[in-house]
Amino acid sequence: MLPLMLIKRIRTIAVITVLLVASIVFKLTYNTIFMHQELVTLASELWQRSFPLYAPRGYIIDRNGELLATNEPTLSLYAIPYQVKDKMQTSVNLASILGVDQEIIFEKLNKKASIVSFHPYGRKLTYGQSEQIEKLSLDGIYLVQDNLRTYPYKEYMASLIGFVGIDNIGFAGLESYYDNYLTGKRGSLNYYMDAKGGLFPNTQSEIIAPSQGMSLELTIDLRLQNILEREMENAYLQYSADEVVGIIMDPNNGEILAIGNRPTYDNNRYQDYDQTIYNRLLPVYNSFEPGSTFKAITFASAINENLIDIDNDTYYDKGYEIVAGTRINSWKKGGHGLQTYLEVLENSSNPGFVQIARMLGKDKLYQYVKDFGFNQKTGVDIQGENKGIMFSYDNFNELEQATTAFGQGISVTAMQLVTAFSAVINGGYLFKPHVCKSLLSSSLMERVYEVTPTVVRQVISEETSKTMRRALESVVSRGSGRKAYVEGYRVGGKTGTAQIAENGVYVDGKYILSFIAGAPMNDPRLVCYFSIKNAHNAVQYGGTTVGPIIGRIIEDCLKTLGVEKNYEGIEREYTWMDTKTAQVPNFIGKDKKEVKSRDFTFVFVGSGNKVIDQLPRVGEMIPIGSKVVIMLGGE
Amino acid sequence: MVYEASSVWAQFKYGDQFYFLKRQALYACVGIGGFFLGSKISASFLKKYANYFLAISFLLLILVLIPGVGLIRGGSASWLGFGGFSFQPSEFLKISLIIFFAKYLEKFYEQSDKIKTILPPLLIASIGFILIMLQPDFGTCMVLAVSLFAQIYASRMPLKWFVIFMFTGIFAVCILILSASYRFERIMSFIDPFQDPLGSGFQIIQSLYAIGPGGLLGQGIGESYQKHYYLPEPQTDFIFAIIVEEFGLFGGLIVIGLYGLMFFCAFKLIFSTKNIFKCYMCLGLLALFMIQVIINLGVVISLFPVTGITLPLISYGGSSLCVLLFSLGLMVNKNEQE
């Protein structure tokens, strides 16, 4: 028999064994059951690899469905280093196709990573490159579908639309502003991989399809945009201008129908340009002294306050006005003389506006300028908007009030001016301008979100607005805006010529020539602003240089929109600048009775029946209806 | 099971996914031969020649250390080769030391309550430990030490000495751990494997990634992910992890249950024996077997730090399999005559 103590001690060993085995069972159960979920998640991360599948961005279309930004399917290069057998040869082949150093690729192929991408030279390959790589059928080298963003209209709207970077992320313009909506949801190709980078046998790779982003429908009308682009291009080249800016807006809802600037760039090749060119849309980015175009605003304010009766109240323009010791001249030497206030606007008489500013007074003028949206962002859905500059209320003294009234000493953006001008002629409603009309599903079949016009405030009354339409129409048919006159379309507008200030000093001979106009004035359909900065070889006068451009834009646009012509507007009035002329015939030696003409009236001096002299002389071209002085003599 | 766990690595290393299976099958045949051989050897024969066996084991161990004779595998010079085959002399030392202890403890059972009685065999055992540590093979050392400890525990030795032994043992283990930086890292990584997931914590994490996802019923036969190069040496130290990954908690419990059954039978056998020498020998051999099972499973389920001890009878490895089967054979021998 075994000693009792031996049996007891062995029994203890058995008990310890049981305890140890039990703790193993417990820990095993804990690991497999209670830690199960957590460990599965961690382990899956270890086993699972995924290839990114890039989602195409949403389209950008104009209001008529024309594609302004689209996607071109392309291929991007990826490598699974473990599967690349001959790394040296593969890198040599790829380097020659991609046009990069062989060493760079060799290094990538030797990376301890499950997948490597080749950034940026291996992304969005050309058709030729991918075909060559395809032909080589290299082990471990894969071509994965990608999307190349393309802009069919290149330089047109480039500043507005912007572009995307290599990862299809919006970098500039609307591509950046609406990036969240345009960006699609990235998909992936998920598969299980062993520790050395090989595929697991018997596992299914799972494809999570990428989904395209939402599409953006713009308020832009490509047809109108093309007209604007044509005129901007012409003006830019013809006048070797520094900058050209243009906006066409629907005054009834704040929709931007066309917008752009020169210089511009091709957003398909943005890398070739300087950042200063592509990062800004000038109509919202630049602020400048508006000059006389601003008078429309001051004028409307005065009417709204019932301070002037534009047809009956008069102002005598003696050629200047003294404000706080400073002489403010009229652009016409000697002044325009006695004028109604309508004529003050037609003639763009600065002293007249000094008087209007006095009548409005500091508070009213300041309030109206603010109510029309100046010195604050319009809230347009475009990046980089400038709010302009204005005197602070405390510094808004008599002289500042006077200059602001005719558009100097205040800095505004073209967008602010167009928005305010729209309010002047649309019944008084200041709209928040916008360029996005709606968000569409990627299929373009469904409207996800529609932008509704937003009225910020009513600035002037319907009645005032009606008067302003007549006044502005009269500026074009009878006043300084004559060159923008379009037969049959009742154009109303205001010219502007502002000296460019550089570092706070006006530069001689450098002007921003501008024109803002709406049409037709019986039922405004569009407002168009156009300006040329530092035009060379041009008459430095907004009405003369920009007037015809505005006229052409409005005529072409209204025709495109199918607006019927209307001849009930104010008749065009001819002045010396463009009146009909006739040659003075010879009256000398003729009898008094024979002196007759359809074109001229006559003044007779002296006595007798024979004409001995005449003024002007024979052959001179003088306006029809002019007086010809006839000197009589003889028996 | 060895095939299951090793096919991927075998394909990669030797170009033959059946490589380990073929070899293991061969070892199994030899091992079964060893089992029958062991079962024919009577306890009295072993007792009679115990001292010679021990002497031969020491000789072989010294031989291994001579450069050019021993084969270096996995950083340890623990192999002796004859022709196409090779074996580890330390495996023989384990058995011969256990037999030697059994003989000694039987002889001096009544005096074994005095510490001086135990000292001579301990000194002899120390020589063995030093020889093994020179290879170095910490795992074998530890397994052997625990087995001998179990044998001594079963003597009349007062418990206070065990407390002293325990502390000395712990102290020695600490010295050994601190003497080799890799052992220290293993301990640290056991405490927080995720601190250095690619370094010392790697094996523990990979083992957990196999076991956790196994769940209740496992991924299915051949569906292990972790054997695809994630888990190093899946056919040896971490074979249990692959078993649980493929067969789940259910499969793991069956394996543990089978071992438990074997332990139970072995204890029953020990209690039924009337011969003190046989009792000590069986206890030592059982402890040798049990401690390997428990430590291996404990490591795999991250209960113990990584040691490098294989799972008896299941892991790949010829020497170990043959010796284990042989020692089991020794245990089942019925001849108890003097």
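All of the points below concern the structure found in this document.

Analysis parameters
- Residues numbered from 1 in each chain as written.
- Chains lettered and ligands numbered in written order.
- Predicted model: local features only at pLDDT ≥ 70, side-chain atom pairs only at ≥ 80, totals over all residues.
- Heavy atoms only, no water.
- Buried < 20%, exposed > 50% of the residue type's maximum accessible area, 1.4 Å probe, protein only.
- Helix = DSSP H or I, 4+ residues; strand = E, 2+ residues; numbered from the N terminus.
- Pairing = 2+ DSSP bridges.
- Phe/Tyr/Trp six-rings, centres within 6.5 Å; stacked < 30°, edge-to-face > 60°.
- Lys NZ or Arg CZ within 6 Å of the ring centre and 35° of its normal.
- Contact = heavy atoms within 4.5 Å.
- Polar contact = N/O pair within 3.5 Å; in protein donor to acceptor, adjacent residues only side chain to side chain.

### Structural notes on the pairing of strand β25 (residues 526-533) of chain A
Residues and elements named next belong to chain A. Counting buried residues in β25 gives seven out of eight residues, a clear majority hidden from the surface. Bridge count for strand β11 (residues 243-250) against β25 is seven bridges, and the pairing is antiparallel. Its bridge partner lying in β25, methionine 249 is registered against valine 527. Relative to β25, strand β24 (residues 505-519) runs antiparallel, the two sharing eight bridges. Bridge pairing links alanine 519 to leucine 526 in β25. Between β24 and β25, which pair antiparallel one after the other, the connecting turn spans six residues.

### Overview of the packing of aromatic side chains
A ring pair, where both rings are aromatic, is described by two values, the distance of the centres and the angle of the planes. Residue and element names in this part refer to chain A. Applying the stated criterion across every chain, the model contains 26 aromatic pairs over all chains. Judged by centre distance (6.2 Å) and plane angle (50°), the ring pair of tyrosine 178 and tyrosine 181 falls under tilted. Among the aromatic residues, those joined into a ring-pair cluster are Phe163, Phe171, Tyr265, Tyr270 and Tyr273. Above the plane of the ring of tyrosine 320 lies lysine 318, whose end atom (NZ or CZ) is 5.2 Å from the centre. The residue whose ring lies beneath lysine 362 is tyrosine 393, and the NZ or CZ to ring-centre distance is 4.2 Å.

### Concerning the environment of glutamate 343 of chain A
Residue and element names in this part refer to chain A. Note on placement: glutamate 343 falls in helix α13 (residues 341-346). Residue classification places glutamate 343 among the partly exposed positions, given a relative accessible area of 29%. When the C-alpha positions of glutamate 343 and tyrosine 315 are compared, they lie 9.2 Å apart, and in sequence the two are 28 residues distant. Non-local contacts of glutamate 343, meaning those with residues more than four positions away in its chain, are made with Leu338 and Ser348.

### A few points about the side chain of asparagine 426 of chain A
Residue and element names in this part refer to chain A. With respect to the helices, strands and loops of the structure, asparagine 426 is situated in the loop between α16 (414-425) and β19 (429-431). A polar side-chain atom of asparagine 426 sits 3.0 Å from the main-chain amide nitrogen of glycine 428. Other than its neighbours up to four places away in sequence, asparagine 426 contacts Pro251, Asn252, Phe431, Ser465 and Arg469.

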